[in-house]
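Read off the chains here:
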Amino acid sequence: MADLKREDILEWVKAAPALELAELVKEMEEVFGVSAAAPVAAAAPAAGEVAAVEEKDSFDVVIASAGGTKIQVIKVVRELDSSLGLKEAKDLVDSAPKAVLTGVNKEKADEAKAKLEEAGATVEVK
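Residues numbered from 1 in each chain as written. Predicted model: local features only at pLDDT ≥ 70, side-chain atom pairs only at ≥ 80, totals over all residues. Heavy atoms only, no water.

> Just to check I follow, could you spell out the nonpolar core for this structure?
Generally speaking, soluble globular proteins have nonpolar side chains that are buried together. Val61, Ile63, Val73, Val77, Val93, Val100 and Leu116 are the most contacted members of the largest nonpolar core, which totals 22 residues. Among the elements that make up this core, the one with the highest residue count is helix α4 (residues 70–80) (five residues). What valine 73 contacts, discounting residues up to four positions off in sequence, is Ile63, Ala66, Val93, Leu116, Ala119, Gly120 and Ala121. (Core = buried A, V, L, I, M, F, W, Y, C linked by side-chain atoms within 4.5 Å. Buried < 20%, exposed > 50% of the residue type's maximum accessible area, 1.4 Å probe, protein only. Helix = DSSP H or I, 4+ residues; strand = E, 2+ residues; numbered from the N terminus. Contact = heavy atoms within 4.5 Å.)

> Whenever I open this one, the packing of aromatic side chains confuses me. Can you help?
Two measures describe an aromatic ring pair: the distance that separates the ring centres and the angle between the ring planes. Tallying each qualifying case throughout the model produces zero aromatic pairs. Directly above the aromatic system of phenylalanine 59 lies the positively charged group of lysine 106, at a separation of 5.2 Å from the ring centroid. (Phe/Tyr/Trp six-rings, centres within 6.5 Å; stacked < 30°, edge-to-face > 60°. Lys NZ or Arg CZ within 6 Å of the ring centre and 35° of its normal.)

> When you look at a nonpolar patch on the surface in this model, what are you seeing that I'm missing?
A surface patch of nonpolar side chains, about 840 Å² in accessible area, is lined by Leu4, Ile9, Trp12, Val13, Leu24, Met28, Val31, Phe32 and Val34. At the level of secondary structure, the elements contributing two or more residues to the nonpolar patch comprise α1 (6–15) and α2 (18–32). In terms of residue count, α2 provides more of the nonpolar patch than any other element does, four residues in total. Structurally, valine 31 is set in helix α2. The exposure class of valine 31 is exposed, given its relative accessible area of 63%. (Patch = residues over 30% accessible without salt bridge, like charges linked within 9 Å, V, L, I, M, F, W, Y side chains within 5 Å. Areas by Shrake-Rupley, 256 points an atom, 1.4 Å probe, with all protein chains shown as cover. Salt bridge = Lys/Arg side-chain N within 4 Å of Asp/Glu carboxyl O.)

Right, here's the structure in full:
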């Protein structure tokens, strides 16, 4: 065995059939207690961690529940979205959970949440 050189092994690997190489990899994993896939799996979470650090700049304000003062909540919904008529605002509140505002900045989302909660609604900012 001492007369084998690295170049000889590389030449054998280049010429060996793929099935035989796959079997060799499996045997090496068993003998040495390692996995050939481990380095790839370890790199994947790093990308997810970077994405988690990025701050979100677009938010949705969602009414989870109108609460006991539905009329007040409807008034606030119409105030927040002036394009809604009385019927559309009522339908939106009745179909909770439903987005009232979408794609707004953090400040506007927090302001809308405060107004809706003051009117008695349960609100989430997503």
